[in-house]
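Descriptive structure summary
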Amino acid sequence: MLTNQVNEILLVEDNPDDVELALHALKRNNILNPIVVARDGQEAVDYLFYSGKYEDSRHDAPALILLDLKLPKMDGIEVLRKIKAEGALKKVPVVILTSSKEEKDLVESYDLGVNSYIRKPVDFDQFVETVRYIGYYWLLLNESPVEG
Amino acid sequence: MVRFIGKKLSRTILTVLTLALVLPLAIFIVFSAAHQARDMIDEMSLFGDDLFHTVYGGIEYPMSVGDSEAVREQLLQMSSNIRDVQIYISDLNQRVTYATEADMIGKIIDDSIYNQAVWRELIIQPKNNGILKRSFEEQIGENRYLNMVRLVKNQEKCHQCHGSEQEILGSMTVRMGTDRTYANIYAHVWHNFFIGVLGIGAIIAFAYLLLFLLVTKPVKQLAKELEELPEKIEEGEYEARKIITREDEIGCLEKTFYKMRKELFEKNAIIKNTNKELTAANKELEAFSYSVSHDLRAPLRNIDGFSKIVLEEYGDKLEGMGEHYLNRVRNGAIKMSQLIDDMLSFSRAGRAELRLEQVSMNKLINNVLRDFSEVIKDKNIDVKVEDLPELLCDQKMFQHVFANLISNGIKYSSEVERPKIKIGFDEGLKAFYVKDTGIGFDMQYHDKIFQVFQRLQLPEEYEGTGIGLAIVKRLVERHHGKIWAESEPGSGSVFYIQLPLDGMGL
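Residues numbered from 1 in each chain as written. Chains lettered and ligands numbered in written order. Predicted model: local features only at pLDDT ≥ 70, side-chain atom pairs only at ≥ 80, totals over all residues.

Details of the overall build of chain A
What chain A contains, in helices and strands, is five helices and five strands. Secondary structure elements in chain A, listed N-terminal to C-terminal, are β-α-β-α-β-α-β-α-β-α. In chain A, buried positions account for 36% of the 148 residues. (Helix = DSSP H or I, 4+ residues; strand = E, 2+ residues; numbered from the N terminus. Buried ≥ 20, exposed ≤ 12 C-beta atoms within 10 Å, placed from the backbone.)

Pasting the structure below:
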């Protein structure tokens, strides 16, 4: 699959097994964007806002953020709130990819302006299929305003 | 607003008092009036008798000797002394020879003086047996009189020397008007009656006042406090109970009330506390189910994911049953995930907030059936929906309830020829029902089918974890309703749902 942007995909996921499976699924679907993994909410925020260990890093805003909700240090909702409150980052599509579909989480996420909310299927075949849809839609089909 | 019993109480007491006092009063007045009348008439009779004797004594001799002048004088003298009394003396032909009214002399006594039948009776009496005398009361014209009539006998000692030899010379009548007497009696009766009514009024007023002070007022006060109690509880007012000095039933009532109120305040505090604890427990449970849903699923995803990767990428290195077993591992993981989902829906069914609204059940059923339209067509199921009443319920929950029952009906009809499903409302039972012609079940397992993860069929034959009916039961019970089934193996089943139709108790 080709992408017209080489920007990274930010994967926010604390479980190493899930990270591995997600990477596997992305690879399987030929999604070539570089993937940055943040292992907790704080790390994700640091990466996005150039703070902490990313203070001196030079990178563009990611093309897509895959965000888990249940995270150490700072949970996904908080991360989402920060992203959607910031002018430039607001335009980056955020897909929540999580285990639960609690009504409360769903409502809160949409209130904060999430772009998509997907519950990770247990069946790996379905998960691979899901990742394929996400990549196809948000990286290829969907048009985003180009960052200046 | 409290409708105080005082009004009813007063009315009852008033009625009882009135009946208890007025009735005896009336009876007393009637009896006393009758008694008085009798007494007065008796008295008059005695007076009349006295008069009679006096007159008779005075005229006995002159009459016997025929001294008319003396008789006349006697009578005139008397008439000046007594009023309302007429005296007539007549001969055997009832011709008045002497009378207190001078203009009556020479006239014949007729019915206008007194009833002549009495005279005739008197004159026919055996002539020598005692006193030939009669006393009676009668109405002549507009007036009432007491009459005393007696025959005047010839005195032996007189007629031996003078005059006639007749045994009976004539009659003597004393007539007294009784109207004035009766008027007196009536006046007396009215007087008594008036005094009685005044007395009764006073007694009732006094009783009412006593009743008001001793019963109505304190009870009213209690009622008012009772009415205000919920508000006070709401405001958390724990005022000290007032001092009760009464020792009677009302005091007892007040004591009980204040005791109850105290207990109510205490219980309310306990309930509030318990509620707090419950809310906390519920929150904890929610957090727990959240983490169950989240954390238990993650490892399952890993089990399935890595098994799949092994199968795909190292499949050629697996020998014998390796691939088969790995697939079993994957199935187990997916099954486990399904169970977690079901458990969570079951727990959610018990906790979700009820959103009640008036729902057209026909509309709701049609919506549900639309979701099943494909499978219904595929399996050629004959679905019938009768006219259903509206229901006050949580629409989402009832959609779930009927979706589950209908899907069960479809599922257990798959092996049956010409399957039918009917949804209706039983007017007698006031219950909705879903009836199928599926495989049915043995009624001894009736309660089991509504329990969590209880199944009567093998998983290979009919899919599902056995949570559906447990959730349905929970949702119906959230509405204070009842669900039950009637079935027989091989002859289909009917599931009934009975709710308070007007939403009472919700």
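Quick look at the sheet that holds strand β12 (residues 493-498) of chain B
Residues and elements named next belong to chain B. As summarised here, the arrangement of the five strands in space is β7-β9-β10-β12-β11, forming an open sheet in which the pairing is mixed. At either end of the open sheet lies a strand with only one pairing partner, and these are β7 (382-385) and β11 (482-487). Strand after strand, the sheet turns through a mean of 15 degrees between neighbouring axes, direction not considered. As defined by bridge partners, β11 adjoins β12 across six bridges and the pair is classed as antiparallel. Residue pairing for β12: Glu-486 is matched across the bridge by Val-494. (Pairing = 2+ DSSP bridges. Axes fitted to C-alpha atoms, helices over the stretch in contact; angles between N-to-C directions.)

Topic: unusual backbone geometry
All names here are of chain A. At Asn-30, a residue that is not glycine, the phi angle is positive and equals roughly 60 degrees. A positive phi is found at Tyr-50, a non-glycine position, where the angle reads about 50 degrees. With respect to the element layout, Tyr-50 can be found in the loop between α2 (41-49) and β3 (64-67).

Brief notes about the confidence of the model for chain B
Residue and element names in this part refer to chain B. Looking at chain B, the pLDDT average stands at 80 and 88% of residues meet or exceed 70. No element of chain B has a lower mean pLDDT than helix α4 (residues 156-159), which averages 55, and none a higher one than β12, which averages 92. Taken together, the chains of this predicted complex give a pTM of 0.53 and an interface ipTM of 0.78. (pLDDT = per-residue confidence, 0-100.)

Side note on the interface of chain A and chain B
Of the residues lining the interface, 15 residues belong to chain A; the matching set on chain B comes to 15 residues. Elements with a contribution of two residues or more to the side of chain A that touches chain B: α1 (16-28) and α5 (124-141) of chain A. Ranked by residue count, the leading element in the side of chain A that touches chain B is α1 of chain A, at four residues. (Contact = placed C-beta atoms within 7 Å.)

Re the sheet that holds strand β1 (residues 9-12) of chain A
Residues and elements named next belong to chain A. Across the sheet, five strands lie side by side as β2-β1-β3-β4-β5; this open sheet has parallel pairing. Either end of the sheet is taken by a strand with one partner, and the two such strands are β2 (35-38) and β5 (116-119). Strand after strand, the sheet turns through a mean of 20 degrees between neighbouring axes, direction not considered. Where β3 lies against strand β4 (residues 94-98), three bridges are found, and the strand directions are parallel. Within β4, the position partnered with Leu-67 by the bridge is Ile-96.

Concerning the packing of helix α7 (residues 322-351) of chain B against helix α11 (residues 468-478) of chain B
Residue and element names in this part refer to chain B. With their axes 9 Å apart at the nearest point, α7 and α11 run at an angle of 5 degrees to one another. In terms of orientation, α7 and α11 fall into the roughly parallel class. Across the interface between the two elements, Ser-345, Phe-346, Ala-349 and Gly-350 from α7 touch Ala-470, Ile-471, Arg-474 and Leu-475 from α11. Looking at the contact of α7 with α11 residue by residue, the classes come out as five nonpolar, two polar and one charged. (Parallel < 35°, antiparallel > 145°, perpendicular 65-115°, else oblique. Nonpolar A, V, L, I, M, F, W, Y, C, P; charged D, E, K, R; others polar.)

Thoughts on the nonpolar core
Residues and elements named next belong to chain A. Judged by nonpolar contacts, the single largest core of 37 residues is most densely connected at Val-12, Ile-65, Leu-66, Leu-67, Val-94 and Val-95. Elements that contribute at least two residues to this core include exactly β1, α1, α2, β3, α3 (76-84), β4 and α5. Of the residues forming this core, the biggest block, six residues, is contributed by α5. Ignoring any residue separated from it by four or fewer positions in sequence, one finds Leu-67 in contact with Val-12, Gly-76, Val-79, Leu-80, Val-94, Val-95, Ile-96 and Leu-97. (Core = buried A, V, L, I, M, F, W, Y, C linked by C-beta atoms within 7 Å.)

Here we look at the environment of Tyr-462 of chain B
Residue and element names in this part refer to chain B. Structurally, the position occupied by Tyr-462 is in the loop between β10 (431-436) and α11. Between the C-alpha atom of Tyr-462 and that of Ser-414, which follows or precedes it by 48 residues, the distance is 9.5 Å. Filtering out sequence-adjacent residues up to four positions away, Tyr-462 remains in contact with Lys-411, Tyr-412 and Gln-457.

Things to note about α5 of chain A
Its 18 residues give α5 of chain A an end-to-end C-alpha distance of 24 Å, which sits within 8% of 26 Å, the value for a rise of 1.5 Å per residue. Where α5 of chain A is concerned, the buried positions are Phe-124, Phe-127, Val-131, Ile-134, Gly-135, Trp-138 and Leu-139 of chain A. Mapping the buried residues of α5 of chain A onto a view down its axis gives an arc of 95 degrees, with all of them on the same face. Buried residues in α5 of chain A make contact with α1, β3 and β4 of chain A together with α6 (249-313) of chain B. (Expected span 1.5 Å × (residues − 1). Arc of directions from axis to C-beta.)

Points about the environment of Asp-248 of chain B
Note on placement: Asp-248 of chain B falls in the loop between α5 (179-235) and α6. A sequence separation of 34 residues divides Asp-248 of chain B from Leu-214 of chain B, and the C-alpha atoms of the two residues are 9.8 Å apart.

Here's the deal with the pairing of strand β4 (residues 143-153) of chain B
Residue and element names in this part refer to chain B. Across eight bridges, strand β3 (residues 133-140) lies against β4 in antiparallel orientation. Bridging from a neighbouring strand, Ile-140 pairs with Asn-143 of β4. Hairpin connection between β3 and β4: a loop of two residues separates the two successive antiparallel strands, and Gly-141 in this loop has a positive phi of roughly 60 degrees. Examined bridge by bridge, β4 and strand β5 (residues 168-177) share nine bridges and lie antiparallel to one another. In the strand pairing of β5, Tyr-145 is matched with Gly-177.

Examining the packing of helix α8 (residues 361-371) of chain B against helix α10 (residues 395-411) of chain B
Residue and element names in this part refer to chain B. Closest axis-to-axis distance for the α8/α10 pair is 9 Å, and the angle between their directions is 50 degrees. When the axis of α8 is compared with that of α10, the two are oblique. In the crossing of α8 with α10, the sense of the turn from one axis to the other is right-handed. In this structure, α8 uses Leu-364, Ile-365, Asn-367, Val-368 and Asp-371 to contact α10, whose residues at the interface are Gln-395, Phe-398, Gln-399, Phe-402, Ala-403 and Ile-406. Its residues placed into classes, the contact of α8 with α10 shows seven nonpolar, three polar and one charged. (Left-handed = near helix turned anticlockwise from the far one by under 90°.)

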